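These are the residues of each chain, in order.
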Amino acid sequence: MTTNLRDLGLSTGKKARLNRILYQHGARNGTALFLPYDQGLEHGPRDFFANPAAGSPQYIMKLAVEGGFNGVAVQIGFAEKFYWEYAGEVPLILKLNGKTEIPPDDEALSPLNAAVEEAVRLGADAVGYTLYVGTPAQDRDFAQYLEVRQAAQRLGIPLIVWAYPRGSAIDAAGGKDSFYAVDYAARVASELGADIVKVNFPHPEKRSGVRKPYDEGYSEQQAIDAVVRSANRTLVLISGGEKAGDEAMLDKAQMSMEAGATGLIFGRNIWQREHTESLRFAARLHEVLDKHPR
């Protein structure tokens, strides 16, 4: 499976920015490895205890450049205060919304805190929006997403949707990373006009309460194959999630790329380790991407 930007129906601005991300950075072969750094808002400082140096946005920006990443995703404050030193060296993905982990996720909603116009001013090559699939607050979520999508289209900047299943109904149907939930999330992002969708790796073994036919036995490869198909002409990024063993993460990366994903977006699995080890693991991920040009 190959990625041809001409087949995606992109505007001139979106095509130019995606070409820069996919073919002028990273492996430069149409694949992507992104470094997300919005966890300080989403989870608080607890994520930096494993490697206190990672609490510094400047450290992360430098790591993104040294590690050959296709982009770094940050919130507006850090984009304003730290990205200028590295502008042009690594693409910026400006996250437009976010929330703390303090309230429960029963009616999850990630409020806007930045605008697409600010992303353009800062030189970003894409914007990111967290969409909670399955939340009872989806009417408000879809409404603010509409504003973002229309602005991204008007200004010619790619829109990456963090498609995250959330809410009590999701918890009762296999959980947020079940095959059912992740597959649905990928489809929703595609239906709603995302240029790229970020999803968790699906777990087909989580079948309690899921709808048919997701209650049948599927392999991990079958599940990720289906998720990529559900996204159609929306490019797919697979999230690393919580830090796990290297071999498990590399297996996840390999299956994702074999399924036709465009790339990976690994944060904690990269920067929750010592600097040299972060670069070493990033290099191993690049080896996977090198084998799957798009």
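The structure under discussion appears in the preceding block.
From a predicted model like this one, the values you see are computed outputs, not experimental measurements. Counting restarts for each chain: residues are numbered from 1 in the order of the written sequence. It should be noted that, the model being predicted, local features are given only for residues of pLDDT at least 70 and side-chain atom pairs only at 80 or more, the latter also being counted only at that level, while totals for whole chains, interfaces and linings use all residues. Heavy atoms throughout the structure, all of them, feed into the side-chain values; hydrogens and water do not.

(A) Inspection of the sheet that holds strand E6 (residues 196-199) at higher detail. Only strands that DSSP links by at least two bridges are regarded as paired with each other. Secondary structure is summarised from DSSP: a helix means a run of H or I of at least four residues, a strand means a run of E of at least two, and numbering begins at the N terminus for each. On the basis of which strands lie adjacent, the closed barrel formed by 8 strands has the order E1-E2-E3-E4-E5-E6-E7-E8 and parallel pairing. On average, adjacent strands in this sheet sit at an angle of 25° to one another, irrespective of strand direction. Where strand E5 (residues 159-165) lies against E6, 3 bridges are found, and the strand directions are parallel. Bridge pairing links Trp162 to Lys198 in E6. Axes here refer to lines fitted to C-alpha atoms; in helices the fit is confined to the stretch in contact. Angles between the N-to-C directions go from 0 to 180 degrees.

(B) Representation of helix H12 (residues 275-290) in the model. Given a rise of 1.5 Å per residue, 16 residues ought to cover 22 Å, and the 22 Å separating the end C-alpha atoms of H12 matches this to within 8%. Throughout this description, buried means an accessible area under 20% of the type-specific maximum (1.4 Å probe, protein chains only), exposed means over 50%, and partly exposed covers the range between. Looking only at H12, the buried set comprises Ser278, Phe281, Ala282, Leu285, His286, Val288 and Leu289. All buried residues of H12 lie within an arc of 150° about the axis, which places them on one face of the element. Elements in contact with the buried residues of H12: strand E1 (32-36), helix H3 (57-66), helix H10 (246-259), strand E8 (263-265) and helix H11 (268-271). Residues adjacent in sequence count toward polar contacts only when both atoms are side-chain atoms; beyond that, a polar contact is any pair of N or O atoms within 3.5 Å, and within protein one must be able to donate a hydrogen and the other to accept it. The residue sitting at the N-terminus of H12 and contributing the capping side-chain oxygen is Glu274; that oxygen lies 3.1 Å from the backbone nitrogen of Thr276. In this scheme, a helix's expected span is set at 1.5 Å multiplied by one less than its residue total. Starting at the helix axis, one direction is taken to each C-beta atom, and the arc is that of these directions. Any two residues whose heavy atoms approach within 4.5 Å at even a single point are treated as in contact.

(C) Seen up close, the pairing of strand E7 (residues 235-239). In terms of residue burial, E7 counts as a mostly covered element, since 5 of its 5 residues are buried. Burial along E7 is two-sided: Leu235, Leu237 and Ser239 and Val236 and Ile238, pointing in opposite directions, are all buried. Of the strand pairs in this sheet, E6 and E7 are connected by 4 bridges, and their pairing is parallel. Considered in E7, the bridge of Val199 is made with Ile238. When the strands point away from the viewer and the path from the first strand over the helix to the second turns clockwise, the crossover is right-handed. In terms of handedness, the path from E6 via helix H9 (residues 220-231) over to E7 forms a crossover that is right-handed. Across 3 bridges, the pairing between E7 and E8 is parallel. Counterpart to Ile238 in the pairing with E8 is Leu264. As a crossover connection, the stretch from E7 through H10 into E8 is right-handed.

(D) Focus on the pattern of salt bridges. We define a salt bridge as a side-chain nitrogen of Lys or Arg found within 4 Å of a carboxyl oxygen belonging to Asp or Glu. By the definition in use, this model includes 15 salt bridges. Taking the shortest distance from any N to any O, the salt bridge between Arg166 and Asp105 comes out at 3.4 Å. Of this pair, Arg166 sits in the loop between E5 and helix H7 (168-171) while Asp105 sits in the loop between strand E3 (92-95) and helix H5 (116-121), placing them 61 residues apart in sequence. The class of Arg166 is buried, set by a relative accessible area of 14%.

(E) Structural context of the environment of Asp246. One can find Asp246 in helix H10. Given the relative accessible area of 18%, Asp246 is considered buried. Between the C-alpha atom of Asp246 and that of Gly44, which follows or precedes it by 202 residues, the distance is 24 Å. Ignoring any residue separated from it by four or fewer positions in sequence, one finds Asp246 in contact with Arg273, Arg280, Phe281 and Arg284.

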